[in-house]
Amino acid sequence: MASETTETYESYEEFWPYYVAMHSRAATRWVHLTGTLTGLAVSVYGLARGRKRYAAALPLIGYGTAWPAHFFIEKNNPASFGHPAWSLRGDAQMIRMMLAGRDAELAEIAAKWLAENR
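Residues numbered from 1 in each chain as written. Predicted model: local features only at pLDDT ≥ 70, side-chain atom pairs only at ≥ 80, totals over all residues. Heavy atoms only, no water.

## Quick word on the nonpolar core
Piece 1. If you look at the biggest cluster of nonpolar residues, it comprises 19 residues, and the most contacted ones within it are Phe15, Trp16, Tyr18, Tyr19, Met94, Leu106 and Trp113.
Piece 2. Secondary structure elements with two or more residues in this core: helix 1 (12–21), helix 4 (84–99) and helix 5 (103–117).
Piece 3. The element contributing the most residues to this core is helix 1, with seven residues.
Piece 4. Beyond its immediate sequence surroundings of up to four residues, tryptophan 16 is in contact with Gly90, Gln93, Met94, Met97, Leu106 and Ile109. (Core = buried A, V, L, I, M, F, W, Y, C linked by side-chain atoms within 4.5 Å. Buried < 20%, exposed > 50% of the residue type's maximum accessible area, 1.4 Å probe, protein only. Helix = DSSP H or I, 4+ residues; strand = E, 2+ residues; numbered from the N terminus. Contact = heavy atoms within 4.5 Å.)

## Overview of the packing of aromatic side chains
Piece 1. Applying the stated criterion to the full structure yields 13 aromatic pairs.
Piece 2. Where tyrosine 12 meets tryptophan 16, the ring centres are 6.3 Å apart and the plane angle is 35°; that geometry is what we call tilted. In this pair, tyrosine 12 and tryptophan 16 both sit in helix 1, four residues apart, roughly one turn of the helix. You'll find tyrosine 12 and tryptophan 16 in the same group, each marked buried.
Piece 3. Between tryptophan 16 and tyrosine 19 the ring centres are 6.3 Å apart and the planes differ by 20°, which places this aromatic pair in the stacked class. Taken together, the positions of tryptophan 16 and tyrosine 19, both in helix 1 and three residues apart, correspond to about one turn of that helix. An identical accessibility class is assigned to tryptophan 16 and tyrosine 19; each is buried.
Piece 4. Grouped by ring-pair contacts, the aromatic residues Tyr9, Tyr12, Phe15, Trp16, Tyr18, Tyr19, Trp86 and Trp113 constitute a single cluster.
Piece 5. Above the plane of the ring of tyrosine 12 lies arginine 89, whose end atom (NZ or CZ) is 3.8 Å from the centre. (Phe/Tyr/Trp six-rings, centres within 6.5 Å; stacked < 30°, edge-to-face > 60°. Lys NZ or Arg CZ within 6 Å of the ring centre and 35° of its normal.)

## A word on the confidence of the model for the protein chain
Piece 1. Put simply, the protein chain has an average pLDDT of 92, and 95% of its residues get 70 or more.
Piece 2. By mean pLDDT, the top-scoring element of the protein chain is helix 5 (97), and the lowest-scoring one is helix 3 (residues 57–74) (93).
Piece 3. Across residues 1–5, where pLDDT falls below 50, the model places 19 contacts with residues more than four positions away in sequence or in other chains. (pLDDT = per-residue confidence, 0-100.)

## Re a nonpolar patch on the surface
Piece 1. A cluster of nonpolar residues, Tyr63, Trp67, Phe71, Phe72, Phe81 and Leu88, forms a patch on the protein surface that exposes about 630 Å² of accessible area.
Piece 2. Ranked by residues supplied to the nonpolar patch, first place goes to helix 3 with four residues.
Piece 3. Mapped onto the secondary structure, phenylalanine 71 falls in helix 3. (Patch = residues over 30% accessible without salt bridge, like charges linked within 9 Å, V, L, I, M, F, W, Y side chains within 5 Å. Areas by Shrake-Rupley, 256 points an atom, 1.4 Å probe, with all protein chains shown as cover. Salt bridge = Lys/Arg side-chain N within 4 Å of Asp/Glu carboxyl O.)

## Some points on the pattern of salt bridges
Piece 1. Throughout the structure, instances matching the rule amount to four salt bridges.
Piece 2. Between arginine 89 and glutamate 13 there is a salt bridge; the shortest N-O distance is 3.8 Å. Of this pair, arginine 89 sits in helix 4 while glutamate 13 sits in helix 1; the two residues are 76 residues apart in sequence, bridging distant segments of the chain.
Piece 3. Taking the relative accessible area as the measure of exposure, arginine 89 reaches 45% and is therefore partly exposed.
Piece 4. Among the ionic pairs, arginine 29 bridges to aspartate 103, the shortest N-O distance being 2.6 Å. A residue pair is termed long-range when its members are at least 10 positions apart, and arginine 29 in helix 2 (residues 26–48) and aspartate 103 in helix 5 qualify at 74 residues. Accessibility classification places arginine 29 together with aspartate 103 in one group, the buried group.

Okay, here's the thing in structure tokens:
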């Protein structure tokens, strides 16, 4: 399955189910969560220690783990290639839901979108 990064959406709310569908496999979502939280932790640690260059850890580690997950696990292109701002917002929402124990709900959203849009 390849993502259609040329899809157009009128709102984030319309984009959200597509974003989740591009993360239909639990492994992809968990790699995103791990990469984002690791990058955030390294960035916060570095900034707290006065090392501003550590701020680069968030995008480097976050995207550095997430993008390969799309290519090798999900077999699609990251949604951020076509929709960077909404993808960042989607990543934050997806991670919040996962941390709240709502990963099964994400799987349902993905399955529904994929069933309706294949």
